[in-house]
Amino acid sequence: MITKAWQTALIIVQASLGGNKVISDVLKMIKVELDVDTQSARLISSNLEQTSMCTVTYVGNQNAEFLIDGSLIKAFLKFKDPTFSLEFSAGLLVISCGKVHLELTTASSAGFPELGRLHDAEWSRPLSTWYIEESIGAVAHCASRDKSRPTLQGIRFIKGIDGECTSCSTDGHRMSVNVVPDSPMPDMLLPVASLKAISRSIKGASSVSVCQGVDSDKEDSALFLSASNRVFGLKGAINLEVENDDAEDSDEEIEFLHVFRLLEAHAYPDVAGLISTMREHKGINVEVSLAPVKDAVIIANVFDGEFHRCVISFDETRAIVSSHQAKRGRAELSFDIIGEIDPRLKDVQLGVSGKYLLDALGSCLGGTATLRIPLTERGPLHIKSDAKEDLIMPMRM
């Protein structure tokens, strides 16, 4: 078998493995299905919130179905030889790769959650991965991490009448909105926890397809534990160029499928109202270059990964973001102003969260951003870059 193909498949399914606090150890396992007739192997993982599946080539003479410990992925990812052999015998998974020989204990697949099935759903046309990255990646940073507020842990997608899709996230202190034209993303509330699986899956894919459907087998399945049986599916394929010393170079295709439980969208705040309120705030606009954002990691490292409360001030040519900590000193990041500056800005000192600010600027889609500086002390900071907008509530100086 091709080592790189199986490693890629394991990375994809790793995202749906259960963590340390799962209700059953079976959720920490990967289900392996070997099929001689189709010469394929399916790798499946599930944490009851989402399920991931990959299909790769299997060259062997055994039909088998078993579970392996998900923690063994790390060892498999260390294999360097281009090919490996795999056998299943007497409850052991025997793997040989170069000079490495492993005999791994397996478990019965009984009790493993069934893969949720999408019913009454039509897959979209094949999409460029750009649609997913722009719809999700641009706004994910504003979703709440507070488990006591599960609704705000999702990204709200709203389908427009002209085919565009508005994605929005908020944690109550900040908000991010992005509009993607001609997007097939369905109207839904997708958990941010699912982003890890999505981002890893589409990384090497040329295109993906999405759909929203219903899991009508909910009563017989342990997968979707929610008041709603609405689910979101994403599938695609990754083509790998495989180098083989003993044969000509070839292509290896890996198919993947993710099925996610959706959150209850009706409990999410009114997005249209939030956007309208965001745009109504008055202030002074100033356009800045985003080139210095790449240097923000230096400041974050100085302050132990957290760029805490900071102050935005202005001189004739720069917007200056500065922060001071008694134990670590002072850090400053300057953004060049494009065009003329409004004289009123020279007296402005706006306090905001440095982390929130750098999250917003780092997720901007263009090379410049327009900052709307509030006219009042309690007014929010508004940031706009192309079709993406962010709102950050101020902090006391």
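Quick caveat: nothing in here was measured; it's all calculated off a predicted structure.

Draft legend 1. View of the nonpolar core. Counting residues in each nonpolar core, the largest one holds 61 residues, and the members touching the most others are W6 and F232. Looking at which element gives the most residues to this core, the answer is helix 1 (residues 3-14), with 6 residues. For W6, the residues in contact, after removing those within four places along its chain, are M1, L34, A41, L43, V56, T57, F76, F84 and L86. If you look at the next biggest cluster of nonpolar residues, it comprises 29 residues, including V288, V293, F314 and L350.

Draft legend 2. Up close: the pattern of salt bridges. Using the criterion set out here, one finds 15 salt bridges in the structure. Two residues, K28 and D25, come together in a salt bridge whose shortest N-O distance is 3.9 Å. Here the residues in one salt-bridge network are K31, E33, R42 and E65, joined through shared partners.

Draft legend 3. Representation of empty space enclosed by the protein within the structure. Tallying each qualifying case throughout the model produces 1 cavity of 30 Å³ or more. Lining the largest cavity, in full, are V288, I312, A319, V321, F335, L357, L361 and L371. Taken together, the residues of the lining of the largest cavity sort by class into 8 nonpolar, no polar and no charged.

Draft legend 4. Looking closely at the environment of M185. With respect to the helices and strands, the residue M185 is situated in the loop between strand 11 (174-180) and strand 12 (188-191). Taking the relative accessible area as the measure of exposure, M185 reaches 0% and is therefore buried. Between the C-alpha atom of M185 and that of Q212, which follows or precedes it by 27 residues, the distance is 8.7 Å. The contacts of M185, once residues within four sequence positions are left out, are I132, S135, I136, F157, K159, C165, V210 and F232.

Draft legend 5. The arrangement of helix 4 (residues 195-202) in detail. When helix 4 is considered as a whole, its buried residues turn out to be L195, A197, I198, S201 and I202. The arc that holds every buried residue of helix 4, seen down its axis, measures 160°, which confines them to one face.

Draft legend 6. Looking closely at helix 1. Between its terminal C-alpha atoms helix 1 stretches 16 Å, which fits the 16 Å expected from 12 residues at 1.5 Å a residue. The buried count for helix 1 comes to 9 of 12 residues, which makes it a mostly enclosed element. Within helix 1, the full set of buried residues consists of T3, A5, W6, Q7, T8, A9, L10, I12 and V13.

Draft legend 7. Focus on the layout of surface pockets. Looking at the largest pocket, its volume works out to about 1000 Å³. Of the residues in the lining of the largest pocket, the class split is 12 nonpolar, 10 polar and 10 charged.

Draft legend 8. Seen up close, the sheet that holds strand 22 (residues 381-385). With antiparallel pairing, the 12 strands of this open sheet are ordered in space as 12-9-10-11-23-22-21-16-19-18-17-20. Lying at the two open borders of the sheet, with one neighbouring strand each, are strand 12 and strand 20 (349-353). Sheet twist, expressed as the mean angle between neighbouring strand axes with direction ignored, is 25°. Where strand 10 (residues 165-170) lies against strand 11, 6 bridges are found, and the strand directions are antiparallel.

Draft legend 9. Summary view of the sheet that holds strand 5 (residues 85-89). Overall, antiparallel pairing links the 3 strands, which are arranged 5-6-7 in an open sheet. The two strands at the open ends of the sheet, each matched to only one other strand, are strand 5 and strand 7 (100-105). Across the sheet, the mean angle from the axis of one strand to that of its neighbour is 15°, orientation sign disregarded. Pairing of strand 5 with strand 6 (residues 92-97) involves 5 bridges; the strand directions are antiparallel. Bridge pairing in strand 6 places L86 opposite I95.

Draft legend 10. How the structure looks around the packing of helix 3 (residues 129-137) against helix 4. As a packed pair, helix 3 and helix 4 sit with axes 10 Å apart at the nearest point and diverge in direction by 150°. Taken as axis vectors, helix 3 and helix 4 run roughly antiparallel relative to one another. As for how helix 3 packs across helix 4, the hand of that crossing is left-handed. Taking contact as the criterion, the partners of T129, I132, E133 and I136 in helix 3 are, on helix 4, L195, I198 and I202.

Draft legend 11. Focus on unusual backbone geometry. One non-glycine residue, L48, lies in the positive phi region at around 75°. Inspection of the secondary structure puts L48 in the loop between strand 2 (40-46) and strand 3 (50-57). Within the chain, A90 stands out as a residue other than glycine whose phi angle is a positive 50°. Considering the arrangement of structural elements, one finds A90 in the loop between strand 5 and strand 6.

The rules we used
- Residues numbered from 1 in each chain as written.
- Predicted model: local features only at pLDDT ≥ 70, side-chain atom pairs only at ≥ 80, totals over all residues.
- Heavy atoms only, no water.
- Core = buried A, V, L, I, M, F, W, Y, C linked by side-chain atoms within 4.5 Å.
- Buried < 20%, exposed > 50% of the residue type's maximum accessible area, 1.4 Å probe, protein only.
- Helix = DSSP H or I, 4+ residues; strand = E, 2+ residues; numbered from the N terminus.
- Contact = heavy atoms within 4.5 Å.
- Salt bridge = Lys/Arg side-chain N within 4 Å of Asp/Glu carboxyl O.
- 1 Å grid on protein atoms, 1.4 Å probe; cavity = no way out; pocket = protein on both sides within 12 Å on 5 of 7 lines; lining within 4 Å.
- Points joined across faces, edges and corners; volume = space filled by probe spheres on them.
- Nonpolar A, V, L, I, M, F, W, Y, C, P; charged D, E, K, R; others polar.
- Arc of directions from axis to C-beta.
- Expected span 1.5 Å × (residues − 1).
- Pairing = 2+ DSSP bridges.
- Axes fitted to C-alpha atoms, helices over the stretch in contact; angles between N-to-C directions.
- Parallel < 35°, antiparallel > 145°, perpendicular 65-115°, else oblique.
- Left-handed = near helix turned anticlockwise from the far one by under 90°.

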